[in-house]
Amino acid sequence: MSCYYHQDWVHDVGSSDEKILWAFYFDEEGLVRDSELERDIESLLLADENTIHLKLIEYQSMGRFWKSPQEAREWLKDLYLYVRSKNS
């Protein structure tokens, strides 16, 4: 999924709303579900905030930044809830 967070993702999806980008990911990949992504996020959410922040920075592809470890955890939690809703 990090491939979708490149520098111009806002232009590609026509919005800065990340939920639109997440929907774009599911549509473009032809996914009805992404259980692997859900499991990966769920596993990462068990880590401490600094670990989460560092891992997200590692995969951010220059298109998404988090100001703090707390913001990174909240973002990941939102993504998890979104993916989980798609997988239901």
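What comes next is a walk through the structure. All values reported here derive from a predicted model rather than from experimental measurement.

## As for the overall build of the chain
When you go through the chain residue by residue, the secondary structure sums to 5 helices and 0 strands. Ordered by position from the N terminus, the helices and strands of the chain form the series α-α-α-α-α. A globule of 88 residues ought to have a C-alpha radius of gyration of about 12 Å, and the chain, at 13 Å, matches this closely. With the C-alpha coordinates of the chain rotated into their principal frame, the extents come out at 30 × 30 × 15 Å.

## A closer look at the environment of W66
Considering the arrangement of structural elements, one finds W66 in the loop between α4 (49–59) and α5 (69–87). Every residue in contact with W66, bar those within four places of it in the chain, is listed here: H53, L56, I57, Q60, E71, A72 and W75.

## What to know about the nonpolar core
A general trend in soluble globular proteins is that nonpolar side chains are found buried together. Counting residues in hydrophobic clusters, the biggest one holds 22 residues, and the most contacted among them are I41, I52, L56, W75 and L76. Elements supplying a minimum of two residues to this core: α1 (9–13), α2 (18–28), α3 (35–45), α4 and α5. If one sorts the elements of this core by residue count, α5 sits on top with 7 residues. Leave out the neighbours within four places in its chain, and I52 touches L44, L45, A47, A72, R73 and L76.

Quick notes on the rules
Residues numbered from 1 in each chain as written. Predicted model: local features only at pLDDT ≥ 70, side-chain atom pairs only at ≥ 80, totals over all residues. Heavy atoms only, no water. Helix = DSSP H or I, 4+ residues; strand = E, 2+ residues; numbered from the N terminus. Rg over C-alpha atoms; globule rule 2.2 N^0.38 Å. Contact = heavy atoms within 4.5 Å. Core = buried A, V, L, I, M, F, W, Y, C linked by side-chain atoms within 4.5 Å. Buried < 20%, exposed > 50% of the residue type's maximum accessible area, 1.4 Å probe, protein only.

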